[in-house]
Number of protein chains: 2
Amino acid sequence: MEKSAIPPVISIISKKRSGKTTFIVKLIPELKKRGYRVGTLKHDTHGFEIDHEGKDTYKHKQAGSETVVISSPWKISVIKDVSEELTVDEIIQNYFTDMDIVITEGYKNAGKPQIEIFRSSAHTSLIYRKGEQHPLIAVASDTKLDMDVPVYDINDIRGMADLIEKSFFSR
Amino acid sequence: MEKSAIPPVISIISKKRSGKTTFIVKLIPELKKRGYRVGTLKHDTHGFEIDHEGKDTYKHKQAGSETVVISSPWKISVIKDVSEELTVDEIIQNYFTDMDIVITEGYKNAGKPQIEIFRSSAHTSLIYRKGEQHPLIAVASDTKLDMDVPVYDINDIRGMADLIEKSFFSR
């Protein structure tokens, strides 16, 4: 935990099955290569399972521990019940102040700058329309689009990283 | 995150395979029944694996995300790289301030009050000796012992919870 500042947040959003995760796992190493400490935040709305049955931490949780932490010299992990969903800002404040940038998967309604992923093979239209008010800074698409923000080829990860750098880290 | 205080910490320690986890998973519901919010912290010294291969969060981590968080309306989970192992006090401060009590599994050298679990079927002697300086507040044992702290039957979870309440929450 080296510094305590609020890092910029960029949300990767799309309609279902448009490849948000695929895009993010390419973007992470590109940003890391440029020297940034990258954290990621996934939005889950239907309940996730983490940890493995039979592990001690799993047994703690099953027994009713409301916050289970496992700590090693290399990694720490936390599984915590919440009584209501935390906002992105609360999560950033609690867990990401030592990162340089946070990429969220989902969180369309969190009010952070967004990149929409569009795959013409999966959908016929984007979430947001040209001209409409939107929080997009760019679109990553597998086809040419007429939008009022820059449209990048879905595989142009370097171009997208350039845009993110320019948007959040330009001096 | 309802309050922001440092909860008391009790460390459950023992020689290997003496049933720390078994003891803890019985103690958690007993303390919860009494109205306490219970968190647990497991010390891992040889590297743990959490999360499931193929999950999006797993892919984020593999791609190099240094802090991966998944958040739902019910639960939040964090997997975070650390450059050096966090102390128990740092971990409590970061993740447990909304708990009433934290039970650690291990952390013999963290300087917190300890309960030693002793199973005569697994070992012939305790970690600590009578008369020697030690941080024990009690021992839980499957056999009678002559110690300078109270010795509880290993199955007397209510008795142990009474002692913990008296030690940390007496008014």
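Rules of the game
Residues numbered from 1 in each chain as written. Chains lettered and ligands numbered in written order. Predicted model: local features only at pLDDT ≥ 70, side-chain atom pairs only at ≥ 80, totals over all residues. Heavy atoms only, no water. Axes fitted to C-alpha atoms, helices over the stretch in contact; angles between N-to-C directions. Helix = DSSP H or I, 4+ residues; strand = E, 2+ residues; numbered from the N terminus. Left-handed = near helix turned anticlockwise from the far one by under 90°. Contact = heavy atoms within 4.5 Å. Buried < 20%, exposed > 50% of the residue type's maximum accessible area, 1.4 Å probe, protein only. Buried area = accessible area lost by both parts, 1.4 Å probe. Salt bridge = Lys/Arg side-chain N within 4 Å of Asp/Glu carboxyl O. Polar contact = N/O pair within 3.5 Å; in protein donor to acceptor, adjacent residues only side chain to side chain. Nonpolar A, V, L, I, M, F, W, Y, C, P; charged D, E, K, R; others polar. Pairing = 2+ DSSP bridges.

Colleague: What's the story with the packing of helix H1 (residues 20–33) of chain B against helix H4 (residues 157–169) of chain B in this structure? I'm lost.
Modeller: Packed helices, taken two at a time, are described by their axes: the angle between them and the distance between them. Residues and elements named next belong to chain B. Direction vectors running N to C along H1 and H4 enclose 65°, while the axes themselves pass 10 Å from each other. In this structure, H1 meets H4 at a crossing whose hand is right-handed. For the pair H1 and H4, the contacting residues are Phe-23, Lys-26, Leu-27, Glu-30 and Leu-31 in the first and Ile-157, Arg-158, Met-160, Ala-161 and Ile-164 in the second.

Colleague: When you look at the environment of Asp-156 of chain A in this model, what are you seeing that I'm missing?
Modeller: All names here are of chain A. Of note, Asp-156 is situated in the loop between strand S8 (151–153) and helix H4 (157–169). Residue Asp-156 is classed as partly exposed on the basis of its relative accessible area of 31%. The spatial distance from the C-alpha of Asp-156 to the C-alpha of Ala-140 is 8.1 Å, given a sequence separation of 16 residues.

Colleague: Would you take a moment to explain the interface of chain A and chain B for this structure?
Modeller: Interface size is often expressed as the accessible area that is lost when the parts come together. At the junction of the two partners, chain A supplies 63 residues and chain B supplies 63 residues. Here chain A and chain B share an interface that buries about 5800 Å² over both sides, 58% of which is from carbon and sulfur atoms. Joining chain A to chain B, the criterion identifies six salt bridges. At the junction of chain A and chain B, the tally comes to 41 residue pairs in polar contact (both at pLDDT 80 or more). Among the elements of the structure, helix H1 (20–33), strand S2 (38–43), helix H2 (56–62), strand S3 (67–71), strand S4 (75–81) and helix H3 (88–95) of chain A are those that each provide at least two residues to the side of chain A that touches chain B. Residue contributions to the side of chain A that touches chain B peak at seven residues, all from S4 of chain A. When its residues are assigned to classes, the side of chain A that touches chain B shows 26 nonpolar, 18 polar and 19 charged. Alignment of S4 of chain A against strand S4 (residues 75–81) of chain B, held across seven bridges, turns out to be antiparallel.

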